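# Secondary and tertiary structure notes
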Amino acid sequence: EGVAPERHVLPGDFIISVRGRVTVDMDAKTLWSALQEKRDLELAIARPFEFLIPSLDFRGVPLGVTLCHKHIGNYIQVKGVSDTGAVATYNTLASPERQVKVDDWILAVN
């Protein structure tokens, strides 16, 4: 039986887990090895939702996020969002699907 097109793994998707094993701290060799095991393959995939944030005015206030670089591509991961700061102000005005949240990935700045 085929897989519905919306369930296909696409370029840019993130593999979150393989057979229940979280992949975030796996190096590429370990991940590849897990994918090659000779049994049913169960993946958890996160599909990016890309959106643009207009310029943030953070003159005189902190940006209000904690960031982390995990060597997964050229991205920076949002590890925390403060209740105050430029991002918190932006989040109060943005629709829920466009708010900056923990575990979001920053692809580019400016």
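For the structure given in this document, a descriptive report is provided here. (Residues numbered from 1 in each chain as written. Predicted model: local features only at pLDDT ≥ 70, side-chain atom pairs only at ≥ 80, totals over all residues. Heavy atoms only, no water.)

## Side note on the overall build of the chain
To keep things clear, this is the line we draw: Only DSSP runs of H or I with at least four residues qualify as helices, and only runs of E with at least two residues qualify as strands; both kinds are numbered from the N terminus onward. Here the globule rule is a power law, 2.2 Å times the number of residues to the power 0.38, and the radius of gyration is based on C-alpha atoms. For the exposure calls, accessible area comes from a 1.4 Å probe over protein chains only, and a residue counts as buried if that area is under 20% of its type's maximum, exposed if over 50%, partly exposed in between. Here a residue-residue contact requires only that any non-hydrogen atoms of the pair lie within 4.5 Å. Per-residue and other accessible areas were derived by the Shrake-Rupley procedure at a 1.4 Å probe size, with only the shown protein chains allowed to occlude residues.
The helix and strand tally for the chain stands at 2 helices and 6 strands. Whereas a compact globule of 110 residues would reach a radius of gyration of roughly 13 Å, the chain reaches 17 Å, over 25% beyond that. Each principal axis of the C-alpha distribution contributes one length, and for the chain these read about 55 × 30 × 25 Å. Taken over 110 residues, the chain has a buried fraction of 18%. Summarising the internal contacts of the chain: among those between residues at least 6 apart in sequence, 52% fall at separations of at least 24. Carbon and sulfur atoms make up 56% of the accessible area of the chain, which amounts to about 8,600 Å² in all.

## Details of the sheet that holds strand β4 (residues 65-68)
Applied cut-off: Criterion used throughout: strands pair if DSSP finds at least two bridges between them.
The 3 strands lie next to each other as β4-β5-β6, forming an open sheet whose pairing is antiparallel. In the strand order of this sheet, the two ends are held by β4 and β6 (105-106), each with one partner. As defined by bridge partners, β4 adjoins strand β5 (residues 76-81) across 4 bridges and the pair is classed as antiparallel. Paired with Val-65 across the two strands is Val-81, which belongs to β5.

## Comments concerning the nonpolar core
Selection criterion: The criterion is simple. A nonpolar core is a set of buried Ala, Val, Leu, Ile, Met, Phe, Trp, Tyr and Cys residues joined through side-chain atoms within 4.5 Å.
Judged by nonpolar contacts, Val-78, Val-87, Tyr-90, Ala-94 and Val-100 together constitute the single largest core of 5 residues. Aside from chain neighbours lying at most four places away, what touches Val-78 is Thr-66, Leu-67, Val-100, Lys-101, Val-102, Asp-103, Asp-104 and Ile-106.

## Topic: the sheet that holds strand β3 (residues 43-46)
Counted only if it meets this: Here an axis means a line fitted to C-alpha atoms, over the contact stretch when the element is a helix, while the angle between two N-to-C directions is reported on a 0 to 180 degree scale.
The 3 strands lie next to each other as β2-β1-β3, forming an open sheet whose pairing is antiparallel. Two strands close off the open sheet at either side, each with one partner strand: β2 (21-22) and β3. The pairing of strand β1 (residues 14-18) with β3 spans 4 bridges and is classified as antiparallel. Bridge pairing links Ser-17 to Ala-44 in β3. Of the strands in this sheet, β1, β2 and β3 are in contact with helix α1 (residues 28-36), which crosses β1 at around 60 degrees.

## Some remarks on unusual backbone geometry
Even without glycine at this site, Arg-19 takes up a positive phi of about 50 degrees. Since its relative accessible area comes to 16%, Arg-19 is described here as buried.

## Focus on the packing of aromatic side chains
Here is the rule we go by: The aromatic pairing rule takes the rings of Phe, Tyr and Trp, using the six-membered ring of Trp, and pairs them if the centres are within 6.5 Å, calling planes under 30 degrees apart stacked, those over 60 edge-to-face and the rest tilted.
This structure, assessed with the given rule, holds 2 aromatic pairs. With 5.3 Å between their ring centres and 15 degrees between their planes, Phe-14 and Trp-105 make a pair best called stacked. With Phe-14 in strand β1 and Trp-105 in strand β6, this pair connects stretches of sequence that are 91 residues apart. On the basis of relative accessibility, which here comes to 17%, the residue Phe-14 falls in the buried class. For the pair Phe-49 and Phe-51, a centre-to-centre distance of 5.8 Å together with 35 degrees between the ring planes defines the contact as tilted.

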